[in-house]
Amino acid sequence: MATYILLDKYTVGSGGVSSITLSNISQSYTDLKLVLSLRSTNSSGWNNAPTRLQFNNNTSGYSNKSLRGAGGGVSSSSDDYSGTARMFVGESNGSPIGSNAFSNVEVYIPNYTSSNTKSVMANSVSAGNTQYIDRNITSGYSNLTSSITSITIETSSPNSGWQQYSTVYLYGIKNS
């Protein structure tokens, strides 16, 4: 049975932040799980803000595919994010979508201390109203071969960051 231990938590304060970095991540666990509740400062139309991760400030070698369902109907697309500077893990609500609507993202990172490339699995949903719902299932990897010691959560929307009350929880998972 796996045991989840809260390693770090962060809540965005008044005025927001451009990115969130969790550093000095304990190396005592098998896997990591991130639980994010995010609201972007993006204010352009109905666009949500892409949520991206970066490990150890590594700016290359991320590759992933995302299966996406968007809008009020059922649709899907496969997005390829190969060779990018950050890993896409989902969309986050922007300012125009509901005044208190936060998106939810869960990210699982197995074997984060290994000397192999790091695989990542993520699920996200952002739903501000019945007109726009965005769901993503993402899997990918980072070619980082050192242990993950820091994770930065940011958006690639221009001049955007995270609004007040956005939260990040990082759990260490130890398999018994």
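Along each chain, numbering runs from 1 in the same order as the chain's sequence is written. Only residues with pLDDT of at least 70 are given local features in this predicted model, and only at 80 or more are side-chain atom pairs given and counted; all residues enter the totals for whole chains, interfaces and linings. Heavy atoms from the whole structure form the basis of all side-chain values; hydrogens and water molecules are not counted.

**With respect to the overall build of the protein**
What the protein contains, in helices and strands, is zero helices and twelve strands. Only DSSP runs of H or I with at least four residues qualify as helices, and only runs of E with at least two residues qualify as strands; both kinds are numbered from the N terminus onward. Ordered by position in the sequence, the α and β elements of the protein form the string β-β-β-β-β-β-β-β-β-β-β-β. Within the span of the protein, comprising 176 residues, buried residues form 45% of the whole. Whether two residues are in contact is decided by their heavy atoms: any pair within 4.5 Å suffices. When contacts within the protein are restricted to residue pairs at least 6 apart in sequence, those whose partners lie at least 24 apart make up 77%. Each residue's exposure class comes from its accessible area (1.4 Å probe, protein chains only) as a fraction of the maximum for that residue type: buried when under 20%, exposed when over 50%, partly exposed otherwise.

**Some words on the environment of Q54**
Here Q54 lies in strand β4 (residues 49–55). On the accessibility criterion, Q54 (6% relative accessible area) is buried. Q54 sits 100 residues away from E154 along the chain, and the two C-alpha atoms are 8.2 Å apart. Filtering out sequence-adjacent residues up to four positions away, Q54 remains in contact with T59, Y62, A85, R86, S150, I151 and T152. Polar contacts involving the side chain of Q54 include one to the main-chain carbonyl oxygen of N58, which spans 3.5 Å. N or O atoms within 3.5 Å of each other form a polar contact, as long as, within protein, one can give a hydrogen and the other can take it, and as long as residues adjacent in sequence are counted only when both atoms are side-chain atoms.

**A look at the nonpolar core**
Most often, soluble globular proteins keep nonpolar side chains buried together rather than apart. Ranked by internal contacts, the top residues of the largest apolar core, which has 27 residues, are L34, F55, V107, I109, I151 and I153. Every element with two or more residues in this core is listed here: β2 (19–22), β3 (31–38), β4, β7 (87–92), β8 (103–109), β9 (118–129), β11 (151–155) and β12 (167–175). Sequence-distant contacts of I109, that is, excluding residues within four places in its chain, are made with D31, L32, F55, S119, V120, I148 and I151. Nonpolar cores were defined as sets of buried Ala, Val, Leu, Ile, Met, Phe, Trp, Tyr and Cys residues, with membership established by side-chain atoms within 4.5 Å.

**Here we look at the pairing of β4**
Here β4 lies mainly inside the structure; seven of its seven residues are buried. Of the two faces of β4, both are covered, the one formed by A49, T51, L53 and F55 as well as the one formed by P50, R52 and Q54. Two strands make a pair as long as DSSP finds a minimum of two bridges between them. Here β4 pairs with β7 via five bridges, running antiparallel. Along β7, the bridge assignment pairs R52 with F88. Bridging between β4 and β11 involves five bridges; their strand directions are antiparallel. Considered in β11, the bridge of L53 is made with I153.

**Description of the pattern of salt bridges**
We define a salt bridge as a contact between a side-chain nitrogen of Lys or Arg and a carboxyl oxygen of Asp or Glu at a distance within 4 Å. As enumerated under the stated definition, the model contains two salt bridges in all. Where K33 meets E106, a salt bridge forms, and the shortest distance between an N and an O atom there is 3.3 Å. Of this pair, K33 sits in strand β3 while E106 sits in strand β8, placing them 73 residues apart in sequence. The exposure class of E106 is partly exposed, given its relative accessible area of 40%. Among the ionic pairs, E154 bridges to R86, the shortest N-O distance being 1.8 Å. With a gap of 68 residues between them, E154 in strand β11 and R86 in the loop between β6 (77–80) and β7 connect regions that are remote in the sequence. We classify R86 as partly exposed; its relative accessible area is 28%.

Shape is all these values report; function is a separate question.
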